[in-house]
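Listed below, chain by chain, are the residues.
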Amino acid sequence: MANEILIELNVNGVKHAIAVRPEATLLSVLREQLHLTGTKKGCGLGECGACTVIMNGRAVNACMVLAPEADGAEVTTVEGLARGGELHPLQQSFIKHGALQCGYCTPGMLMSAKALLDRVPSPSEEQIRQGLGGNLCRCGSYPRVIRAIQDVGSFVGRKLDTAPHTQERDQERDTMVVGTSVPRYDAPDKVTGRAVYTADMRLPGMLHGKILTSRVAHGLIKRIDTSKARALEGVLDVLTGADVPDTRYGVSPARYDEHILAKERVRYVGDEVAAVVAVDEETAERAIRLIEVEYEELPAVFDPEEALADGAPVIHPENPRYANNVNTRVQWAFGDVEAGFAEADLVREQRFVGNRTFQAPIEPHASLARWEHHGEKLTLWSSTQVPHYVQHMLARTLGIAQGKIRVIRPAVGGGFGGKAETTPLDFCAVLFAQRTGRPVMMTYDRREMFYHFRGRHKQVMNLKIGVKKDGTITAVKFRSVLDGGAYTSFGVITAYYAGAMIPTLYKIGSYEFEGLRMYTNLPACGAFRGHGVPHPRFAFESLLDMIADDLGMDPIDIRLKNAMTPGTRTVNALDISSCELRATLERARDESGWREKRGHLPPGKGIGVGCGGFVSGAGYPIYRSDFPHSNAMIRVYEDGQGVSLHIAAAEIGQGSDTVLVQIAAEELGIPYDRVHMVECDSTIAPLDLGSYSSRVTLMAGNAVRMAASDARGKVLAAAARAMGCSPQSLSARDGRVFVTASPSFGMPWEEAARLAFSAQGPVVGVGHYRPPGGLGGDFKGSTVGTSPAYSFSTVVAEVSVDLETGLVTVDRVTDFSDAGTVINPMTLHAQVEGSVIMGIGETLMEDVVHLPDGSIANPNLHDYLIPGIGETPSSIFTRAVESYEPRGPFGAKEIGEGSLLPMLGAIANAVADATGVRVYELPITSERILKALKDKRGGAEARRT
Amino acid sequence: MELPALQYHRPGSLAQACALGRELGESARFLAGGTDLLVDLKQRRVQVQHVVALDGLGELKRIRVEGGMIRIGALATLTDVAESAAVVEHAPGLAEAILTMAAVQIRNRATIGGNFCAAVPCADTPPMCIAYGGSVTIVSSTGDRVVPAEAFFRLPRRSVLEPGELLADVLLPLRKPGRGAAYARFSRRRSMSLAVAAVAARVDLDGGRVREARVAMTSVAPTPMIASEAGAMLAGQEPTDDVIQRAARCAASEARPISDLRGSAEYRRDLVEVLAVRALRSSIERARNSSGA
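Thresholds applied
Residues numbered from 1 in each chain as written. Chains lettered and ligands numbered in written order. Predicted model: local features only at pLDDT ≥ 70, side-chain atom pairs only at ≥ 80, totals over all residues. Heavy atoms only, no water. Helix = DSSP H or I, 4+ residues; strand = E, 2+ residues; numbered from the N terminus. Rg over C-alpha atoms; globule rule 2.2 N^0.38 Å. Contact = heavy atoms within 4.5 Å. Lys, Arg positive; Asp, Glu negative; His and termini not counted. Charge placed at Lys NZ, Arg CZ, Asp CG, Glu CD. Buried area = accessible area lost by both parts, 1.4 Å probe. Salt bridge = Lys/Arg side-chain N within 4 Å of Asp/Glu carboxyl O. Pairing = 2+ DSSP bridges. Axes fitted to C-alpha atoms, helices over the stretch in contact; angles between N-to-C directions. Parallel < 35°, antiparallel > 145°, perpendicular 65-115°, else oblique. Left-handed = near helix turned anticlockwise from the far one by under 90°. Nonpolar A, V, L, I, M, F, W, Y, C, P; charged D, E, K, R; others polar. Buried < 20%, exposed > 50% of the residue type's maximum accessible area, 1.4 Å probe, protein only. Polar contact = N/O pair within 3.5 Å; in protein donor to acceptor, adjacent residues only side chain to side chain. pLDDT = per-residue confidence, 0-100.

Peer 1: Before we move on, can you summarise the overall build of chain B with the specific residues and values?
Peer 2: Within chain B one finds eleven helices and 14 strands. For chain B, the C-alpha radius of gyration of 19 Å lies close to 19 Å, the compact-globule estimate for 293 residues. Based on the C-alpha atoms only, the size of chain B along its principal axes is roughly 60 × 45 × 30 Å. In chain B, the share of contacts with a sequence separation of at least 24, taken over all contacts with a separation of at least 6, comes to 64%. The centroid of the 37 positive side-chain charges in chain B is displaced by 3 Å from the centroid of its 31 negative side-chain charges.

In structure tokens:
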């Protein structure tokens, strides 16, 4: 182009002369022109630090450097850290300490850490917190990042060490691989920038699409004029509601209520209206601004309780079932609640209000679609947690045979439920690729992510608990009004979950629940870690403490009094199998020094407890089918030197690939590094429902174990033939096949595997998993909350509250979890630590705020505050308690979601302990605390006068 | 969200920069560190066709002691300023204020001049410069002028700069025995978070009494502002808790906060009082420790 500017850049020691557009940023030059995609784009606004590089010796956000300003600069990116094939000590330390999960923030973290270490070779923890304050990590790997940086000296001059981290063990074990803290399977690629996320992909002829969204909260589309956009040079195609199928899509089959692009009505600011595809992203962005849309604005409603009122604007008038904006109504009564309350010595009732929180993964959503063979074969790369549901929904909505759709899930930079459904990006990329015959990439920017939303439902809750004098819970009555936003998404399930999980933690004699999920003219809410349960759990744990206070009971004692026990059928017909909630309570109490601290801390210091737990995979799939939920194949290499594991489970940062590889290695009897995870691709791995409802370890783990057992059986059979013994007399362990009764007789595993291939051709093991039949009761909605197994955990949080400003600092967290047998202690602890960090954000900081016109006041990471490294408690102590889940692989169950649930209550209770006041609305901001303190003082003064 | 198409200019001298600024007027913005401007351009909050990059003006990057004052070039990055030996010695309160700002990556790019010229209500460097009694030099083709730091701001995002004018330096006085300064800031996250309220204080003690005190605030008015009455109240007083408390209350009454995402007006006023007490206490403590030094 005419006004391009020639700049010189020395990147990782290589000199480049590059012509750049004046408005290019260093980030776009690195990624688009030099193809150094290790440097990530998380926000484009200097808020997240994912694009941190070192420029002339200093850490900078590459998105905040105008390319011409970098002329003559020396730049080091993550790709420049490893030298001569040897990883930098920092990279090794990150791997060893598990200082990364989804890996999307990792390149930026590493560069900030490198810049810090270049200036301060042995930084203190405080210096690390200062130096990395500009790098946000939504997985909450901060405690490990701090440790990895402090321990970098141990890795200087060393080769990559892949031995398990030995200090992370919790339990005794007799397994070789399961139960060890082997390094994450994906870590080497994630610390080098080699891991490819969807937005890193480039295909020849690739186009870029963008979506235009509604600027009004509720209205009818009167006219759309796309002519100016079409006329813009570089624009290839434009789509509006008229061009997309009439078939509605969604998540819950009972409520498919979305069109790919709005047909006639828009229901929130951000509703998708039109889309453009162009030669590059800038042109597509310019083009959508040229589309003229005329709306007839309609009255809108933004509050779920107001949406219920007579005369409120009707958001889905086309369907009479939603006449009063009630999207989902749940009415459950188990046992005689009135008798339960009559029997109680104390009944307390309280209103609690939750917050709209956003998953805010650092990786923005991205989709890349390509059609081949004259439109006979579609490939979609998508940053999704649920490749199968995307495949299913594309097939269903677009009328394409499922077999023609290949869905590939590249590395995913965090999801937390926000990438658990098919997005307009997926649909539009596919449609554009079909119409243009070229590959099409579509991404959300940070703002668009907030508007697409699918975050946590805000719940307005009324909770009533009755107890006997000794603390025994006699009855619970719970009503929740959920703000669902404009569409259903997961919301039917959310409304049921809100009520279903209440009776799983404590024994409750009688229980009544009413859930009302309301449509409002706001972005649609969906599934977010702990799906529907964190707010009710916050309310319950808070009210339980208030009751304990009234009874003069210790909060831990009242929990122990009512704690769930193994082998219990709850009042709502959920079968609790393994359960060590009591042990988590007792051990958290003892480890935290609860008895010495509770009631003995000075003003401004507080200690509080909270419990939580979650399903280890939903008992039923989202759409009805008899398919097994998880399926796996293992192919033994011809030379026997290893195996490939084919499974479409979704590693999104939680560490599931690592866990599945461990399970496979253990069952096969070979070392961890001989199992190779094959890319998640629907053509080479069978159906798996994906990463939601904390299902992977248990469900995919069982399928993998079965496949491995199948493959091992074939290898052992070949060995048995050669050795002239029965296969039953043989074992496989740590790369050897041997006679169980006399282990010195045997052969290397690979030799046995070669014999198997030589004799019979391909050695393939297959496995599948389906939950036990008949889970749940026979009432409406009884399937939600069912699961083969449940996790349980207790958190004790210790906080300091500045009584003058209201600022809360979470100082220390003690967590004990019953996650069954632990497959990988390091990744388990990382998940718990991440929950601690996220819990701090959800309880104290996070809230998506809407302006009176329905737009979002804080659709960015500068105003929507997620915790940074500075919010990391100085001590997080996490342990798993001994437990064995008979339905889990090697006794394992979930950790990722359940571990978040105790946090909200624990912090709320600690703040109440520190301040003597309670805030009933999330987030518990410093301002709300100060106001409660002032109100209390005002009340006290008023009483004196 | 990408940048709009831009024309990029890179003047080699201050005179050229001023001339370009005047010629391009409202269609251009000066580009220093870019950490505010690029965000505003990407979000289309600022819509211009030209950027005039100042990074060729090496003389504006220097920090030096000259003519009985510290002269901080407007293009010195926040990191440069916070780490400058002159600043650390003579105006340590400014280094303290800077280290509360944003995060390393931003401070490595953002400049002190940019922080002034963006003139956002929550700017963190101006209050401390005001408290120190600092000023700024403004240059243009028609001549230079010096403006007290507190008089630089007019409205949110609006300073006294006219088209063709450039902020060249921030000037601060040299240290004195018996002087102490401190910055007390409240934000909802430790890094990468704008101040909900912040108070800068500088106190000169003389034989146990306050000779002169200045208090300035940010995020609690349309612009960074001086709390002149609060400062004046302290002059000649022995800085007892009661005196400090009264001055802090006065500062709170001088604040003109609004309610926004970060906090309500009422909360901000409460914070000003608390933060003013803290900033004054630290200043006095530091002033006592610096006596005779």
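Peer 1: Account for unusual backbone geometry, with residues named and values stated.
Peer 2: For residues other than glycine, phi is negative in most cases, and the peptide bonds are mostly trans. For the peptide bond that leads from A:Leu922 to A:Pro923, omega is -5 degrees, which places it in the cis range. Residue placement: A:Pro923 occurs in the loop between α23 (901-915) and α24 (926-944). Despite not being glycine, A:Asn12 shows a phi value in the positive range, around 50 degrees. By the secondary structure assignment, A:Asn12 is in the loop between β1 (5-11) and β2 (14-20). You will see that B:Arg44, though not glycine, has its phi angle at about 60 degrees, which is positive. Within the secondary structure, B:Arg44 is located in the loop between α2 (37-42) and β3 (50-53).

Peer 1: How would you sum up the interface of chain B and chain A? Please name residues and give values.
Peer 2: Buried accessible area, meaning the area lost when the parts come together, often serves as the stated size of an interface. Between chain B and chain A, the contact holds 51 residues from the first and 61 residues from the second. Carbon and sulfur atoms supply 51% of the area that chain B and chain A bury against each other, a total of about 4,700 Å² over both sides. Looking at the side of chain B facing chain A, the largest losses of area belong to B:Gln105, B:Arg188 and B:Arg189, adding up to 17% of the total buried there. Applying the counting rule to chain B against chain A returns nine salt bridges.

Peer 1: Talk me through the sheet that holds strand β10 (residues 166-173) of chain B; I want residue IDs and the actual numbers.
Peer 2: All names here are of chain B. Spatially, the five strands line up as an open sheet ordered β4-β5-β10-β6-β7, and their pairing is antiparallel. Pairing within the sheet leaves two strands with one partner each, and these edge strands are β4 (63-66) and β7 (145-148). Each strand axis lies, on average, 30 degrees off the axis of its neighbour in the sheet, ignoring direction. The sheet contact formed by β4 and strand β5 (residues 69-73) spans four bridges and is antiparallel.

Peer 1: I'd like a rundown of the packing of helix α22 (residues 825-845) of chain A against α23(A), residues and numbers included.
Peer 2: Residue and element names in this part refer to chain A. Two numbers describe how α22 lies on α23: the axes approach to 8 Å, and their chain directions differ by 60 degrees. One finds that α22 runs oblique with respect to α23. Considering only the axes of α22 and α23, their crossing is right-handed. Of the residues in α23, those touching α22 at Ser 835, Val 836, Gly 839, Ile 840, Thr 843 and Leu 844 are Met 903, Leu 904, Ile 907 and Ala 908. Tallied by class, the residues present in the contact of α22 with α23 amount to seven nonpolar, three polar and no charged.

Peer 1: Give me the packing of helix α2 (residues 89-97) of chain A against helix α5 (residues 142-150) of chain A: which residues, what numbers.
Peer 2: In a pair of packed helices, the angle between the axes and the distance between the axes together describe the arrangement. Residues and elements named next belong to chain A. It is the contact of α2 with α5, at a shortest axis distance of 8 Å, that shows an interaxial angle of 135 degrees. Here α2 is positioned oblique relative to α5, judged by the angle of their axes. Relative to α5, α2 is oriented so that their crossing is right-handed. Along the contact surface, α2 presents Leu 90, Ser 93, Phe 94 and His 97, while α5 presents Arg 144, Val 145, Arg 147, Ala 148 and Ile 149. Here the residues of the contact of α2 with α5 are counted per class, giving five nonpolar, two polar and two charged.

Peer 1: Summarise the side chain of A:Glu47; cite the residues concerned and give the values.
Peer 2: Mapped onto the elements, A:Glu47 comes out in the loop between α1 (26-33) and β3 (52-55). One buried charged side chain, A:Glu47, makes no salt bridge at all; its nearest oppositely charged neighbour is A:Arg446, positioned 6.4 Å away. Engagement of the side chain of A:Glu47 in a polar contact is seen with the backbone nitrogen of A:Leu861, the distance being 3.1 Å. Filtering out sequence-adjacent residues up to four positions away, A:Glu47 remains in contact with A:Leu136, A:Asn860, A:Leu861, A:His862 and B:Met192.

Peer 1: Lay out the environment of B:Ile130 with the relevant residues and their values.
Peer 2: Position of B:Ile130 relative to the elements: it lies in helix α8 (residues 125-131). B:Ile130 has contacts with B:Ala149, B:Glu150, B:Arg214, B:Ala216, B:Met225 and B:Ile226, leaving out every residue within four places of it along the chain.

Peer 1: Describe the pattern of salt bridges, listing the residues and the values that go with them.
Peer 2: In a structure, side chains of opposite charge can pair up when their charged atoms sit close to one another. Residues and elements named next belong to chain B. In this structure the tally under the stated criterion is 87 salt bridges over all chains. For Glu 96, the salt bridge goes to Arg 286, with nearest N and O atoms at 2.8 Å. With a gap of 190 residues between them, Glu 96 in helix α5 (residues 92-99) and Arg 286 in helix α11 (residues 265-290) connect regions that are remote in the sequence. Exposure remark for Glu 96: the relative accessible area of 24% places this residue in the partly exposed category. We classify Arg 286 as partly exposed; its relative accessible area is 35%. Several salt bridges share partner residues, and in doing so they unite Arg 179, Arg 202, Asp 204, Asp 206, Arg 211 and Glu 212 into one network.

Peer 1: Tell me what's going on with the confidence of the model for chain B, and back it up with residues and numbers.
Peer 2: Here chain B averages 96 in pLDDT, while 99% of its residues score no lower than 70. Taken together, the chains of this predicted complex give a pTM of 0.97 and an interface ipTM of 0.97.

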